[in-house]
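Take a look at the letters that make up each chain.
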Amino acid sequence: MANNDAYLQLGNLISLAAAILILAELVLNGLKAIYLPWVLSVMWILWIMGIAAYVSYASAELRVRQLMVYTVPLALAITLVGLILLTEHKFLGAELVVLGYFLEPIAGVSLYLRLLSINGPAAHAFFWGAFLFTVGLPLILIKDAYVSLIGDLIKMIGLMLLILRSK
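Nothing here was measured: the structure is a model prediction, and the numbers come from that model. (Residues numbered from 1 in each chain as written. Predicted model: local features only at pLDDT ≥ 70, side-chain atom pairs only at ≥ 80, totals over all residues. Heavy atoms only, no water.)

## Some thoughts on the overall build of the protein
Here comes step 1: Helix and strand counts for the protein stand at seven helices and zero strands.
Here comes step 2: In sequence order, the secondary structure elements of the protein are arranged as α-α-α-α-α-α-α.
Here comes step 3: Since a compact globule built from 167 residues should have a radius of gyration of about 15 Å, the 15 Å found for the protein is in line with a globular shape.
Here comes step 4: Each principal axis of the C-alpha atoms in the protein carries an extent, and together these give about 45 × 25 × 25 Å. (Helix = DSSP H or I, 4+ residues; strand = E, 2+ residues; numbered from the N terminus. Rg over C-alpha atoms; globule rule 2.2 N^0.38 Å.)

Below, the structure written as structure tokens:
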């Protein structure tokens with residue numbers, strides 16, 4: 001693995017850990033308990049993991065790197081405001097978190113194009129699983145987490161294949 005690929009690998013590992021946390025939260029609660037301290041804590045941890053994944057991925061050699069470099073900070077900023085509002089028990093925060101996540105697939109195009117050269121099927125699973133997860137997020141706001149749950153599972157499979165392929 002080239003040195004630059006180490007950043008890609010680290011980003012994939014962080015993303016896999018985040019996907020596992022997201023899966024656990026979706027399976028355990030969805031939005032039924034969004035204001036519980038432990039649920040909010042997991043969401044804050046995911047936000048911090050998002051920063052770490054961004055730094056790793058932005059340090060990797062990506063195609064159309066500008067999509068990652070400019071879109072993710074905006075997504076993180078929107079999500080931060082959403083988390084602050086959720087912490088204050090304002091439902092608008094959940095809507096802002098969903099809005100922030102909608103920028104993820106845009107930024108992910110640069111990553112997707114790079115991962116295609118490593119493992120095409122795994123890259124497809126990762127990207128399209130993340131896309132499906134994101135598209136399903138508004139449904140979670142009305143208590144249906146199945147689409148996001150399926151998307152997260154597909155994304156996890158893609159990430160695991162990418163991680164195993166690089167070893």
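Moving on, there is more to tell.
## Concerning helix 3 (residues 65-87)
Here comes step 1: Counted at 1.5 Å a residue, the expected span for helix 3 with its 23 residues is 33 Å, and the 33 Å between its end C-alpha atoms agrees.
Here comes step 2: At Thr71, helix 3 is bent by approximately 25°, the largest bend along its length, and proline Pro73 sits one to four residues beyond.
Here comes step 3: Listed in full, the buried residues belonging to helix 3 are Met68, Thr71, Val72, Ala75, Leu76, Ile78, Thr79, Gly82, Leu83, Leu85 and Leu86.
Here comes step 4: The secondary structure elements touched by the buried residues of helix 3 are helix 2 (37-59), helix 4 (92-102) and helix 5 (104-116).
Here comes step 5: A positive backbone phi angle near 65° is found at His89, which sits one or two residues after helix 3. (Expected span 1.5 Å × (residues − 1). Bend = angle between axes of the 7 residues up to and from the residue. Buried < 20%, exposed > 50% of the residue type's maximum accessible area, 1.4 Å probe, protein only. Contact = heavy atoms within 4.5 Å.)

## A word on the nonpolar core
Here comes step 1: Within the largest apolar cluster, 49 residues are counted, with the highest numbers of intra-cluster contacts made by Tyr57, Met68, Leu86 and Leu111.
Here comes step 2: When contributions to this core are tallied by element, the ones reaching two or more residues are helix 1 (3-28), helix 2, helix 3, helix 4, helix 5, helix 6 (120-140) and helix 7 (146-165).
Here comes step 3: With 11 residues, helix 2 is the single largest residue contributor to this core.
Here comes step 4: Residues within four places of Met68 in sequence aside, it is in contact with Tyr54, Tyr57, Ala58, Leu62, Pro73, Ala107, Ser110 and Leu111.
Here comes step 5: Counting residues in each nonpolar core, the second largest holds five residues, with Ala75, Ile78, Leu85 and Leu103 among its members. (Core = buried A, V, L, I, M, F, W, Y, C linked by side-chain atoms within 4.5 Å.)

## Some details on a nonpolar patch on the surface
Here comes step 1: Taken together, the side chains of Val27, Leu28, Leu36 and Trp38 define a hydrophobic patch exposed on the protein surface, amounting to about 410 Å² of accessible area.
Here comes step 2: Mapping Leu28 onto the fold places it in helix 1. (Patch = residues over 30% accessible without salt bridge, like charges linked within 9 Å, V, L, I, M, F, W, Y side chains within 5 Å. Areas by Shrake-Rupley, 256 points an atom, 1.4 Å probe, with all protein chains shown as cover. Salt bridge = Lys/Arg side-chain N within 4 Å of Asp/Glu carboxyl O.)

## Things to note about the packing of aromatic side chains
Here comes step 1: Under the criterion given, the structure shown has six aromatic pairs.
Here comes step 2: With a centroid separation of 6.1 Å and 80° between ring planes, the pair formed by Trp44 and Trp47 is classed as edge-to-face. In this pair, Trp44 and Trp47 are both assigned in helix 2, three residues apart and thus about one turn of the helix distant.
Here comes step 3: The partly exposed category is assigned to Trp44, whose relative accessible area is 26%. (Phe/Tyr/Trp six-rings, centres within 6.5 Å; stacked < 30°, edge-to-face > 60°.)

## Examining the pattern of salt bridges
Here comes step 1: Summed over all chains, the structure comprises two salt bridges.
Here comes step 2: For the salt bridge of Asp5 with Arg114, the shortest nitrogen-to-oxygen distance reads 2.3 Å. Note that Asp5 is positioned in helix 1 and Arg114 in helix 5, a separation of 109 residues in sequence.
Here comes step 3: Where Lys90 meets Glu88, a salt bridge forms, and the shortest distance between an N and an O atom there is 3.4 Å.
Here comes step 4: With a relative accessible area of 45%, Glu88 lands in the partly exposed category.

## As for the confidence of the model for the protein
Here comes step 1: Averaged over every residue, the pLDDT of the protein is 90; residues scoring 70 or more account for 95%.
Here comes step 2: Per-element confidence in the protein is highest for helix 3, whose mean pLDDT is 96, and lowest for helix 1, whose mean pLDDT is 89. (pLDDT = per-residue confidence, 0-100.)

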